[in-house]
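Here's the letter readout for the chains.
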Amino acid sequence: MIRTAMLQSLFDPSSLASSNLLGFALPAADSAADANYWFPAQASSFAADMDALWYFIYWVSVFFFIGIVAFMVLFVTRYRRTATRTQPERSASHNTALELTWSILPAFLLVAFFYWGWTSFLVIATPPRDAMEVQVGAYKWGWNFTYPSGHTDSELHVPTDREVKLIMSSADVLHSFWVPEFRTKFDVVPGRYTYLWFKPTRVGEYQLKCTEYCGTGHSAMRAKVVVHEAGGFEKWLEQAEGALLTMEPKALGELSYKKLGCAQCHSLDGTKLVGPSFKETASLWGNARGLADGSEVTVDENYLRESILEPMAKVVAGYQPQMPVIPGIREKQIAGLIEYIKSLSGPNQ
Ligand code: CUA
């Protein structure tokens, strides 16, 4: 089933329409004049520099490739064995001028590559002090983002023209944060924090991809990145937080199911994914459920709450202890999720 979902997302015609040949998503709001066959749109402050360095190395390589192949063809033709020339010509064993030239010129080029790469790397590796900080949690197979206000979401929302610093950590295995349009990526590692920063320069919607092979759901481990115009980020945050306070519990639970990444591992229709289907959990409401250690637990509100906050406490028989703790989950969301799961046992489900 996971595979089917992944294939669907791969072949979803709406996602194809907004991608170029390499599969990069283009911003929906803007079909980006600077996107081309090689690169998606430039949407961060260092994208232009990154692309320029790439093109510099690319054209130097093209120049030498053509030059070397041309001379090779020329020499192979001119000095080939013929009816009149049957012995190889004596070749010079040494030519100081030639050897100095082919050592010194490329050395200058390599130093230029290094200098450009190093100075650009320093910029990327040094987050500005007054950047807005967002905590990033990665897990098999999803992302969550905790904003300075404490709000946690499965989408990354940022204001345009403002430096953003990500403080990233993984709940399980190695993942990697990559937004092609921002031209920056960094590993997300369990047991430690890694950092990444960028300054978005183009309003639009992008896609975050995990770019470290992390298991079955790796190719589906994406998240929406939204760069808001001035004032839009604050409005979005207020709305998202307001929803937490005012939504009816079951509706909030349904929203949280999608937003917090539960859907990656828990189906609603009885299909067995990484974790038990919520439909099965609901059908056992008030009854005993067998656990991996041979004991049993009664399916009720307390069991669900414990399983959300301490996923390893009660592992259902037949499943691996896989579920991460969802960082930043609110008490209201937990209550909502419980109501939502409960509702799935109804006659019309
Ligand atoms: Cu996470 Cu690949």
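Notes on the structure follow.

Thresholds applied
- Residues numbered from 1 in each chain as written.
- Predicted model: local features only at pLDDT ≥ 70, side-chain atom pairs only at ≥ 80, totals over all residues.
- Heavy atoms only, no water.
- 1 Å grid on protein atoms, 1.4 Å probe; cavity = no way out; pocket = protein on both sides within 12 Å on 5 of 7 lines; lining within 4 Å.
- Points joined across faces, edges and corners; volume = space filled by probe spheres on them.
- Helix = DSSP H or I, 4+ residues; strand = E, 2+ residues; numbered from the N terminus.
- Nonpolar A, V, L, I, M, F, W, Y, C, P; charged D, E, K, R; others polar.
- Domains from an automatic or database assignment.
- Contact = heavy atoms within 4.5 Å.
- Polar contact = N/O pair within 3.5 Å; in protein donor to acceptor, adjacent residues only side chain to side chain.
- Core = buried A, V, L, I, M, F, W, Y, C linked by side-chain atoms within 4.5 Å.
- Buried < 20%, exposed > 50% of the residue type's maximum accessible area, 1.4 Å probe, protein only.
- Pairing = 2+ DSSP bridges.
- Axes fitted to C-alpha atoms, helices over the stretch in contact; angles between N-to-C directions.
- Parallel < 35°, antiparallel > 145°, perpendicular 65-115°, else oblique.
- Salt bridge = Lys/Arg side-chain N within 4 Å of Asp/Glu carboxyl O.

## A word on empty space enclosed by the protein
In this approach the atoms are scanned with a rolling probe the size of a water molecule, which exposes any empty space left behind.
Part 1: Taken as a whole and assessed by the stated rule, the structure comprises 1 cavity of 30 Å³ or more.
Part 2: Roughly 540 Å³ of volume is contained in the largest cavity.
Part 3: Around the largest cavity, the lining comprises 31 residues; the ones closest to its centre are His266, Gly275, Pro276, Ser307 and Met323.
Part 4: For the lining of the largest cavity, the secondary-structure elements that each account for two or more residues are helix H7 (278–283), helix H8 (301–309) and helix H9 (331–343).
Part 5: Residues that form the lining of the largest cavity fall into these classes: 21 nonpolar, 7 polar and 3 charged.
Part 6: If you count residues domain by domain, the lining of the largest cavity takes at least three from each of domain 2 (132–242) and domain 3 (247–345).

## Overview of the environment of Thr194
Part 1: Checked against the element boundaries, Thr194 lands in strand E8 (residues 194–198).
Part 2: Note: C-alpha distance between Thr194 and Ile167 (27 residues apart in sequence) is 6.0 Å.
Part 3: Sequence-distant contacts of Thr194, that is, excluding residues within four places in its chain, are made with Leu166, Ile167, Met168, Phe186, Asp187, Val188 and Val189.
Part 4: Looking at Thr194, its side chain comes within polar contact range of the main-chain oxygen of Asp187, at 2.8 Å.

## A short note on the nonpolar core
It is characteristic of soluble globular proteins that their nonpolar side chains tend to be buried jointly.
Part 1: Counting residues in hydrophobic clusters, the biggest one holds 34 residues, and the most contacted among them are Trp143, Phe145, Tyr147, Leu156, Leu166, Phe177 and Phe198.
Part 2: One finds Leu260, Leu291, Tyr340 and Leu344 within the second-largest nonpolar core, a separate group that totals 21 residues.

## What about the pairing of strand E1 (residues 132–139)?
Part 1: The buried fraction of E1 is high, at 6 of 8 residues.
Part 2: As paired elements, E1 and strand E5 (residues 164–170) share 7 bridges and run parallel to each other. Looking across to E5, one finds that Gly137 is bridged to Ser169.
Part 3: Alignment of E1 against strand E2 (residues 142–146), held across 5 bridges, turns out to be antiparallel. Paired with Ala138 across the two strands is Trp143, which belongs to E2.
Part 4: The turn joining E1 and E2, which pair antiparallel and follow one another in sequence, is formed by 2 residues.

## Some details on unusual backbone geometry
Part 1: Cis geometry marks the peptide bond from Lys140 to Trp141, where omega comes out at 0 degrees.
Part 2: By the secondary structure assignment, Trp141 is in the loop between E1 and E2.
Part 3: With a phi angle near 60 degrees, Asp161 is a residue other than glycine that sits in the positive phi range.
Part 4: By the secondary structure assignment, Asp161 is in the loop between strand E4 (156–159) and E5.
Part 5: Residues other than glycine seldom take positive phi values, yet Arg183 does so here, at roughly 55 degrees.
Part 6: Here Arg183 lies in the loop between strand E6 (175–179) and strand E7 (184–188).
Part 7: Judged by its relative accessible area of 10%, Arg183 is buried.

## A look at the packing of helix H6 (residues 249–259) against H9
Part 1: Interaxial distance between H6 and H9 falls to 7 Å at its minimum, and their mutual angle equals 95 degrees. Classed by the angle they form, the pair H6 and H9 counts as roughly perpendicular. Between H6, through Pro249, Lys250, Leu252, Gly253, Glu254, Ser256 and Tyr257, and H9, the contact on the second element is made entirely by Lys332, Gln333, Gly336, Leu337, Glu339, Tyr340 and Ser343.
Part 2: Of the residues contributing to the contact of H6 with H9, the split by class is 5 nonpolar, 5 polar and 4 charged.

## Re the pattern of salt bridges
Should their charged atoms come close, side chains of opposite charge can pair.
Part 1: Per the counting criterion, the structure on display carries 7 salt bridges.
Part 2: Among the ionic pairs, Glu205 bridges to Lys224, the shortest N-O distance being 3.8 Å. Pair noted here: Glu205 is in strand E9 (residues 204–210) and Lys224 is in strand E10 (residues 222–228), with a separation of 19 residues, a long-range link.
Part 3: Arg305 is paired through a salt bridge with Glu331; the nearest N and O atoms lie 2.9 Å apart. Placement of Arg305 in helix H8 and of Glu331 in helix H9 is noted, with a sequence separation of 26 residues between them.
Part 4: For Glu331, a relative accessible area of 47% translates into the label partly exposed.

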